[in-house]
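Overview (structure and organization)
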Amino acid sequence: SNSLKHRTTTKHHQSSSSSSSNNNTSTTKVHHIIMSHYTATITKQSKNQSIGIGLKETDAGLTISSINSEGPLSQTCLKPGMKLLAINNIEVSGLSSREAVQIMKDAEGKLALSAVDFVPANITFQVAVTRVRNDNGQINERVLATMKRDINNATPTLFMEAGVPSNTFSNIYTLIESELLPHAMALRSHETTYDREMQSYTGKQMVKGGLIGFGTESNHEKKVLQMVKQGAQLERNVDLKATQVKDQINAMLARYNIMATVALESRRLAKYSSKQKQANTALDVVGIQFHKIPF
């Protein structure tokens with residue numbers, strides 16, 4: 001039976017600084033990210049009783065991958081995606097999932113599991129193209145760019161554990177949203193327009209009348225060539241801005257032993273020739289990911 005489920009809140013590295021001059025005192029408060037801890041306590045009826053929890057090994061440690069809806073933990077505060085901290089006050093940091101499961105199996109009677117909300121170590125966005133058919137039967141395309149997580153629930157667990165101040169996180173999030181995302185959106189918008197132009201272009205003869213000679217290239221051809229050139233520049237803009245944003249973030253996080261790198265997602269490209277052995281893959285910049293620097 002479930003005997004207890006509770007949530008505790010911990011603030012990391014709380015601090016404030018003050019200075020006094022001519023009897024006037026000014027205080028600067030530093031707000032830190034709040035980390036929520038959860039503990040679920042159940043009673044095992046026997047040593048061999050299954051508690052119905054799945055664990056996954058990640059760079060951040062052991063995370064809860066699943067909880068059986070019919071198991072004793074189903075009605076507790078623990079949820080899939082949380083990072084497991086301890087089993088009966090035994091810290092699981094550095095343990096494999098098999099070792100942690102064995103500790104739970106060996107436990108008799110009371111079993112207490114402590115965990116914390118876990119957010120992946122990245123701040124990423126999504127740029128998508130939506131297509132809607134209007135009343136005239138025409139398809140309207142629109143490029144939408146959104147951050148994958150709202151600023152209020154996007155703080156990576158890695159930041160919390162390192163004691164990164166909330167204002168530093170907010171500055172990093174805003175930097176990615178305002179400086180990097182618009183360039184990625186501009187590139188995707190250009191690519192979408194280029195695809196439409198190419199569809200129109202290949203549906204017609206390059207030059208009507210047969211032979212192609214000097215000065216006979218169509219305006220459509222010129223437009224496509226200009227778009228190819230500008231597309232290359234927009235890709236360069238995204239790469240340069242990603243590097244600039246990454247360097248600024250690394251400067252903010254240097255004291256917390258966290259390193260930022262560019263987050264990438266792969267996208268399969270269509271084959272351009274029947275002689276092509278396999279399709280190529282494009283790597284899209286989708287934000288920034290973070291890594292703990294080992295001491």
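Everything here concerns the structure above.
Keep in mind the model is a prediction, meaning the values are calculated, not measured. (Residues numbered from 1 in each chain as written. Predicted model: local features only at pLDDT ≥ 70, side-chain atom pairs only at ≥ 80, totals over all residues. Heavy atoms only, no water.)

Considering the overall build of the chain
Under the convention used in this document: The numbering of helices and of strands both runs from the N terminus, where a helix is a DSSP run of H or I of at least 4 residues and a strand a run of E of at least 2. Type-normalised accessible area, obtained with a 1.4 Å probe on protein chains alone, sets the label of each residue: buried when under 20%, exposed when over 50%, and partly exposed for intermediate values. Two residues qualify as a contact provided that any one of their heavy atoms is within 4.5 Å of a heavy atom in the partner residue. Where accessible areas are quoted, they stem from the Shrake-Rupley method and a 1.4 Å probe; at the residue level, only the protein chains shown are allowed to cover.
For the chain, the count of helices and strands is four helices and 13 strands. A total of 295 residues make up the chain; the buried ones form 33% of that total. Expressed as a percentage of contacts within the chain between residues at least 6 apart in sequence, the contacts between residues at least 24 apart total 65%. In the form shown here, the chain has an accessible surface area of approximately 18,700 Å², with 48% of it arising from carbon and sulfur atoms.

Details of the side chain of Thr-192
Keep this limit in mind: We define a polar contact as two N or O atoms separated by no more than 3.5 Å, with the added condition that, inside protein, one atom must be a possible hydrogen donor and the other a possible acceptor, whereas residues neighbouring each other in sequence contribute only through side-chain atom pairs.
With respect to the helices and strands, Thr-192 occurs in helix H3 (residues 166–202). At 2.9 Å, the side chain of Thr-192 forms a polar contact with the backbone oxygen of Arg-188. Those residues in contact with Thr-192 that sit more than four places away from it in its chain are Val-129, Glu-141 and Val-143.

So, helix H1 (residues 97–106)
Here is the rule: Here the arc refers to the set of directions running from the helix axis out to each C-beta atom.
Of all the positions in H1, only Ser-97, Ala-100 and Met-104 are classed as buried. Along the long axis of H1, the arc covered by the buried residues comes to 65°, so they all point the same way.

Some words on the sheet that holds strand S10 (residues 122–133)
Under the convention used in this document: At least two bridges found by DSSP between two strands is the condition for calling them paired. Helix axes are fitted to C-alpha atoms over the stretch in contact, other axes to C-alpha atoms as well, and angles between N-to-C directions run from 0 to 180 degrees.
The strand order S11-S10-S13-S12 describes an open sheet built from four strands, whose pairing is antiparallel. Each of the sheet's edge strands pairs with one partner strand only, and the pair in question is strand S11 (139–147) and strand S12 (258–268). Put simply, the sheet's adjacent strands are angled 25° from each other on average, direction ignored. Alignment of S10 against S11, held across nine bridges, turns out to be antiparallel.

Focus: the environment of Val-228
Assignment of secondary structure puts Val-228 in helix H4 (residues 219–253). Residue Val-228 is classed as partly exposed on the basis of its relative accessible area, which comes to 43%. As for Val-228 and His-190, which are separated by 38 residues in sequence, their C-alpha atoms are 9.7 Å apart.

Remarks on H4
To be explicit about the condition: Given the number of residues in a helix, its expected span is that number minus one, multiplied by 1.5 Å.
Over its 35 residues, H4 runs 51 Å from end to end, which matches the ideal 51 Å to within 8%, given 1.5 Å per residue. Those residues of H4 lying buried are His-220, Glu-221, Val-224, Met-227, Gly-231, Val-238, Lys-241, Ala-242, Val-245, Ile-249 and Leu-253.

Details of the pairing of strand S6 (residues 61–67)
Pairing of strand S5 (residues 53–58) with S6 involves six bridges; the strand directions are antiparallel. By the bridge assignment for S6, Leu-55 is matched with Ile-64. Hairpin connection of S5 to S6: two residues between the antiparallel strands.

Description of the pairing of S10
Pairing between S10 and strand S13 (residues 281–292): three bridges, direction antiparallel. Each residue of the ladder has a partner; that of Asn-122, found in S13, is Gln-289.

Details of the pattern of salt bridges
So the rule is basically this: Salt bridges are counted wherever a side-chain nitrogen of Lys or Arg sits within 4 Å of a carboxyl oxygen of Asp or Glu.
Going through the model one piece at a time under the given rule, you end up with nine salt bridges. Between Arg-131 and Glu-141 there is a salt bridge, with the nearest N and O atoms lying 2.8 Å from each other. Of the two residues, Arg-131 is situated in strand S10 and Glu-141 in strand S11; the sequence distance between them amounts to 10 residues. Relative accessible area serves as the criterion here: at 55%, Arg-131 is assigned to the exposed category. A relative accessible area of 26% places Glu-141 in the partly exposed class. Note that Glu-265 is salt-bridged to Lys-148, the shortest N-O span being 2.7 Å.

Some remarks on the nonpolar core
Applied cut-off: Here, nonpolar core means buried Ala, Val, Leu, Ile, Met, Phe, Trp, Tyr and Cys residues that are tied together by side-chain atoms lying within 4.5 Å of each other.
If you look at the biggest cluster of nonpolar residues, it comprises 29 residues, and the most contacted ones within it are Ile-176, Ile-249, Leu-253 and Phe-290. Secondary-structure elements contributing two or more residues to this core are S10, S11, helix H2 (157–162), H3, H4, S12 and S13. It is H3 that provides the largest number of residues to this core, a total of nine residues. Phe-290 has contacts with Ala-121, Asn-122, Ile-123, Pro-156, Leu-158, Phe-159, Ile-172, Ile-249, Leu-253, Ile-258, Met-259 and Ala-260, leaving out every residue within four places of it along the chain. Listed in part, the 22 residues of the second largest apolar core include Ile-42, Leu-55, Leu-78 and Ala-115.

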